[in-house]
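Each chain is listed here by its residues.
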Amino acid sequence: MTDSASPLPPIAFIGGGNMASAIIGGLIRQGLPAGQIEVVEPFEAARDALRQQFGVTAQPAATAALARARLVVWAVKPQTFSEAARQAAPHTAGALHLSVAAGIRSDSMARWLGSERIVRAMPNTPALIGQGMTGLYARAGVTPAERALVEQVVATTGAHLWVEQESQLDAVTALSGSGPAYVFYFLEAMVQAGVDMGLTQEQAQQLSVGTFVGASELARRADEPLDVLRQRVTSKGGTTHAAIQSMEDDEVAQRFMRALDAAEHRARELGEEFGGAASG
Ligand SMILES: NC(=O)C1=CN([C@@H]2O[C@H](COP(=O)(O)OP(=O)(O)OC[C@H]3O[C@@H](n4cnc5c(N)ncnc54)[C@H](O)[C@@H]3O)[C@@H](O)[C@H]2O)C=CC1
Ligand SMILES: O=C(O)[C@@H]1CCC=N1
């Protein structure tokens, strides 16, 4: 039985880019020694970054050294997953598998890896600062102790929730996986509007980011629904009303929901496009 006090086992990462780095950072902060982490990363610059940031030595290709890992984290792009699996699978037979790849279904992974011990995760980049939000889905072959191990790893990067159906991970991807980009997109527009109204870039950014942080924390702590919190800002005949009315006239909410539909659709497409090839 794994609990929060259990020492973490050796962990391997296939792919050592942004997402792998966020999780490795969390593991190192929790006290996992760098020598307990194996990474396969073909790009030299990414290997150098892992050494400099975390003291982790990454290998350019999969080797038998992967076999000591009890958990293998798949952090490659959906487009390269089947090829990476073909290279590494001969060395990972005894491991629990955790994929962070968007779209790639556990059926494809089970076929490529010859294993039913698969958990899929959809993290997001605030994981870099321990403020991540991760959705998790476990295949039926995963034991409660293995789920607990995954939770222990993911907890080093922030909060998590489990979904019961794998298809729900595409919705998680559309909301929280891609979500930080939507926040930055709105922040960019807010800052630009502030600058256009005569504030400095620094002032506009401080006001905009501070407002997102404060309002998000208020929403997290509040017992009331979001629309009540919004109405409390919106004085009758006042400034907020003018802004919200302008957004309603432009159907901003509907257009935003359409954008999330596009992200969910793309997650499904990635699974179809890059999950089919048998890697043998
Ligand atoms: N960046 C994000 O916000 C999020 C990304 N993801 C998922 O995480 C996965 C990785 O994304 P990022 O870290 O952003 O990409 P990235 O490009 O930073 O990292 C992927 C790494 O895989 C390496 N790689 C390529 N071929 C390989 C192979 N055959 N064996 C081992 N490594 C190989 C690349 O050199 C690269 O460094 C993707 O599947 C993505 O869908 C999930 C949630 C959020
Ligand atoms: O854009 C992507 O495909 C990945 C998955 C979620 C965030 N980034």
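The structure displayed is predicted, hence computed values, not measured ones.

Participant: Before we go on, may I ask you to explain helix H6 (residues 168–177) in this structure?
Facilitator: Two residues of an α-helix separated by three or four positions point the same way, owing to the 3.6 residues in each turn. For H6, the set of buried residues is Leu169, Asp170, Val172, Thr173, Ala174 and Ser176. Summarising the contacts, the buried residues of H6 are in contact with strand E6 (118–122), strand E7 (132–138), helix H7 (179–196) and helix H11 (252–274).

Participant: Got a minute to help me understand the packing of aromatic side chains in this structure?
Facilitator: As enumerated under the stated definition, the model contains 5 aromatic pairs in all. Measuring from ring centre to ring centre gives 5.3 Å for tryptophan 74 and phenylalanine 81, while their planes differ by 15°; the resulting arrangement is stacked. Here the two residues tryptophan 74 and phenylalanine 81 agree in accessibility, since each one is buried. On the numbers, 5.5 Å between centres and 80° between planes, the contact of phenylalanine 186 with phenylalanine 256 is edge-to-face. Taken together, the residues phenylalanine 186 in helix H7 and phenylalanine 256 in helix H11 connect sequence positions 70 residues apart. For phenylalanine 186, a relative accessible area of 35% corresponds to the partly exposed category. When its relative accessible area of 32% is taken as the criterion, phenylalanine 256 is described as partly exposed.

Participant: Explain the domain arrangement of the chain to me, please; I cannot follow it from the model alone.
Facilitator: Note: interface size is frequently given as the accessible area lost on complex formation between the parts. For the chain, the assigned domains read domain 1 (11–165) and domain 2 (179–267). A C-alpha centroid distance of 33 Å is found between domain 1 and domain 2.

Participant: Looking at this model, I keep getting lost on unusual backbone geometry. Mind explaining?
Facilitator: Glycine aside, residues mostly have negative phi, and peptide bonds are mostly found in the trans state. For glutamate 251, which is not glycine, the phi dihedral falls at a positive 55°. Look at glutamate 251 and you get partly exposed, because its relative accessible area is 41%.

Participant: How should I be thinking about a negative patch on the surface in this particular structure?
Facilitator: A grouping of Glu248, Asp249, Asp250 and Glu251 is seen on the molecular surface, where their side chains present a negatively charged patch. Position of aspartate 249 relative to the elements: it lies in helix H10 (residues 239–249).

Participant: Where do I start with the site of ligand 2 in this structure?
Facilitator: Every residue near ligand 2 is listed here: Ala102, Gly177 and Ser178. Within the complex, the protein chains bury 48% of what would otherwise be the 240 Å² of accessible surface of ligand 2.

Participant: Whenever I open this one, the site of ligand 1 confuses me. Can you help?
Facilitator: Of all residues adjacent to ligand 1, which total 21 residues, the nearest are Asn18, Met19, Glu41, Phe43 and Val76. For ligand 1, an oxygen atom lies 2.9 Å from a polar atom in the backbone of asparagine 18. For ligand 1, the accessible surface in isolation is 820 Å², of which the surrounding protein chains cover 83%. Going through the elements one at a time, helix H1 (18–29) and helix H3 (81–88) are the ones with two or more residues in the shell around ligand 1. Tallied by class, the residues present in the shell around ligand 1 amount to 14 nonpolar, 5 polar and 2 charged.

Participant: Looking at this structure, I do not really get the side chain of glutamate 41. What am I missing?
Facilitator: Checked against the element boundaries, glutamate 41 lands in the loop between strand E2 (37–40) and helix H2 (44–54). As a buried residue without a salt bridge, glutamate 41 has its nearest oppositely charged side chain in arginine 47, at a separation of 6.0 Å. Polar side-chain contacts of glutamate 41 include one of 2.7 Å to the backbone nitrogen of glycine 16. Here glutamate 41 is in contact with Gly15, Gly16, Gly17, Ala46, Arg47, Ala58, Gln59 and Pro60, once residues within four sequence places are set aside.

Participant: Honestly, the pairing of strand E5 (residues 96–99) in this entry has me stumped. Any pointers?
Facilitator: In regular strands, side chains alternate between the two faces of the sheet. Burial along E5 is two-sided: Leu96 and Leu98 and His97 and Ser99, pointing in opposite directions, are all buried. The sheet contact formed by strand E4 (residues 71–74) and E5 spans 4 bridges and is parallel. Paired with tryptophan 74 across the strands is serine 99, a residue of E5. In this fold, E4 hands off to H3, which returns the chain to E5; that crossover is right-handed. Relative to E6, E5 runs parallel, the two sharing 3 bridges. Counted as the bridge partner of serine 99 is arginine 120 from E6. This β-α-β element, E5 to helix H4 (residues 106–113) to E6, shows right-handed connectivity.

Participant: What's the story with the pattern of salt bridges in this structure? I'm lost.
Facilitator: Side-chain pairs of opposite charge can arise where the charged atoms are in close proximity. What the rule picks out here adds up to 14 salt bridges. Residues glutamate 272 and arginine 105 are paired through a salt bridge, measuring 3.6 Å at the closest nitrogen-oxygen approach. Of this pair, glutamate 272 sits in helix H11 while arginine 105 sits in the loop between E5 and H4, and the two are 167 residues apart along the sequence. Under the relative-accessibility criterion, glutamate 272 is labelled exposed at 53%. A relative accessible area of 31% means that arginine 105 is categorised as partly exposed. Between arginine 220 and glutamate 217 there is a salt bridge, with the nearest N and O atoms lying 3.3 Å from each other. Within this pair, arginine 220 and its partner glutamate 217 are both found in helix H8 (residues 201–221), separated by 3 residues, close to a single helical turn. Residue classification places arginine 220 among the exposed positions, given a relative accessible area of 63%. When salt bridges that share partners are traced, they join Asp107, Glu116 and Arg139 into one network.

Cut-offs used in this document
- Residues numbered from 1 in each chain as written.
- Chains lettered and ligands numbered in written order.
- Predicted model: local features only at pLDDT ≥ 70, side-chain atom pairs only at ≥ 80, totals over all residues.
- Heavy atoms only, no water.
- Buried < 20%, exposed > 50% of the residue type's maximum accessible area, 1.4 Å probe, protein only.
- Helix = DSSP H or I, 4+ residues; strand = E, 2+ residues; numbered from the N terminus.
- Contact = heavy atoms within 4.5 Å.
- Phe/Tyr/Trp six-rings, centres within 6.5 Å; stacked < 30°, edge-to-face > 60°.
- Domains from an automatic or database assignment.
- Patch = residues over 30% accessible without salt bridge, like charges linked within 9 Å, V, L, I, M, F, W, Y side chains within 5 Å.
- Areas by Shrake-Rupley, 256 points an atom, 1.4 Å probe, with all protein chains shown as cover.
- Salt bridge = Lys/Arg side-chain N within 4 Å of Asp/Glu carboxyl O.
- Lys, Arg positive; Asp, Glu negative; His and termini not counted.
- Charge placed at Lys NZ, Arg CZ, Asp CG, Glu CD.
- Near = heavy atom within 4 Å.
- Polar contact = N/O pair within 3.5 Å; in protein donor to acceptor, adjacent residues only side chain to side chain.
- Nonpolar A, V, L, I, M, F, W, Y, C, P; charged D, E, K, R; others polar.
- Pairing = 2+ DSSP bridges.
- Right-handed = clockwise from strand over helix to strand, strands pointing away.

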